[in-house]
Amino acid sequence: MDLHFKEDFSLSEISEQLGISRAAVNDHIKRSTAFLENYEKKLQLVVNLEKRKQIYDKIKAVSNQEVICLVEQLEQME
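Re the overall build of the protein chain
What the protein chain contains, in helices and strands, is 3 helices and 0 strands. When each of the 78 residues of the protein chain is scored for burial, the buried share is 3%. Of the roughly 7400 Å² of accessible surface on the protein chain, a fraction of 57% belongs to carbon and sulfur atoms.

Some details on the pattern of salt bridges
Summed over all chains, the structure comprises 2 salt bridges. A salt bridge links R31 to D27; the shortest N-O distance between them is 3.4 Å. One end of the pair is R31 and the other is D27, both in helix α2 (residues 22-61) and 4 residues apart, which spans about a single turn. A salt bridge links K53 to D57; the shortest N-O distance between them is 3.0 Å. Here the residue K53 and the residue D57 both occupy positions in helix α2, the gap between them amounting to 4 residues, near one helical turn.

Quick word on the confidence of the model for the protein chain
Averaged over all residues, the pLDDT of the protein chain equals 77, while 87% of them reach at least 70. Here helix α1 (residues 11-18) is the element of the protein chain with the lowest mean pLDDT, 75, and α2 is the one with the highest, 82.

Details of a nonpolar patch on the surface
A grouping of F35, L36, Y39, L43 and V47 is seen on the molecular surface, where their side chains present a nonpolar patch of about 510 Å² in accessible area. Checked against the element boundaries, V47 lands in helix α2. V47 sits in the partly exposed class, given a relative accessible area of 31%.

With respect to the environment of I20
Among the secondary structure elements, I20 is positioned in the loop between α1 and α2. Exposure remark for I20: the relative accessible area of 33% places this residue in the partly exposed category.

Notes on the environment of I29
One can find I29 in helix α2. With 18 residues separating them in the primary sequence, I29 and L11 have C-alpha atoms 9.8 Å apart.

Conventions used here
Note on numbering: residues in each chain are counted from 1, in written sequence order. Totals for whole chains, interfaces and linings use every residue, but because this is a predicted model, local features are given only for residues with pLDDT of at least 70 and side-chain atom pairs only at 80 or more, for both listing and counting. Side-chain measures were taken over the full set of non-hydrogen atoms in the model, leaving aside hydrogen atoms and water. Helix and strand assignments follow DSSP, with helices taken as H or I runs no shorter than four residues and strands as E runs no shorter than two, numbered in order from the N terminus. Any residue under 20% of the maximum accessible area for its type is buried, any over 50% is exposed, and the rest in between are partly exposed; the area is computed with a 1.4 Å probe on protein chains only. Surface exposure here means Shrake-Rupley accessible area, sampled with a 1.4 Å probe, where a residue is shielded only by the protein chains that are shown. Within this document, salt bridges are pairs made up of a side-chain nitrogen of Lys or Arg and a carboxyl oxygen of Asp or Glu, the two lying within 4 Å of each other. Predictor confidence is given residue by residue as pLDDT, running from a minimum of 0 to a maximum of 100. For patch detection, residues must exceed 30% relative accessible area and be free of salt bridges, and they are connected within 9 Å for like charges or within 5 Å for nonpolar side chains (Val, Leu, Ile, Met, Phe, Trp, Tyr).

Next up, the structure:
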């Protein structure tokens with residue numbers, strides 16, 4: 001099968017080139033879009049989890065006295 005791509009394909013042109021119905025092409029596009037959106041959400045969760053872990057590790061690394069000092073400084077800013 002030889003597909004010749006151009007910038008803007010209509011559903012009719014795609015379905016004609018692939019030999020399937022417009023509805024099937026539309027369904028594939030919807031499923032692909034949903035898959036990519038789901039993947040992006042999962043990827044964002046991983047990024048957020050890594051950021052949270054970095055913050056948690058930083059907090060664990062400081063002593064209680066440093067945390068108390070930081071809280072006091074923050075309270076003075078209010």
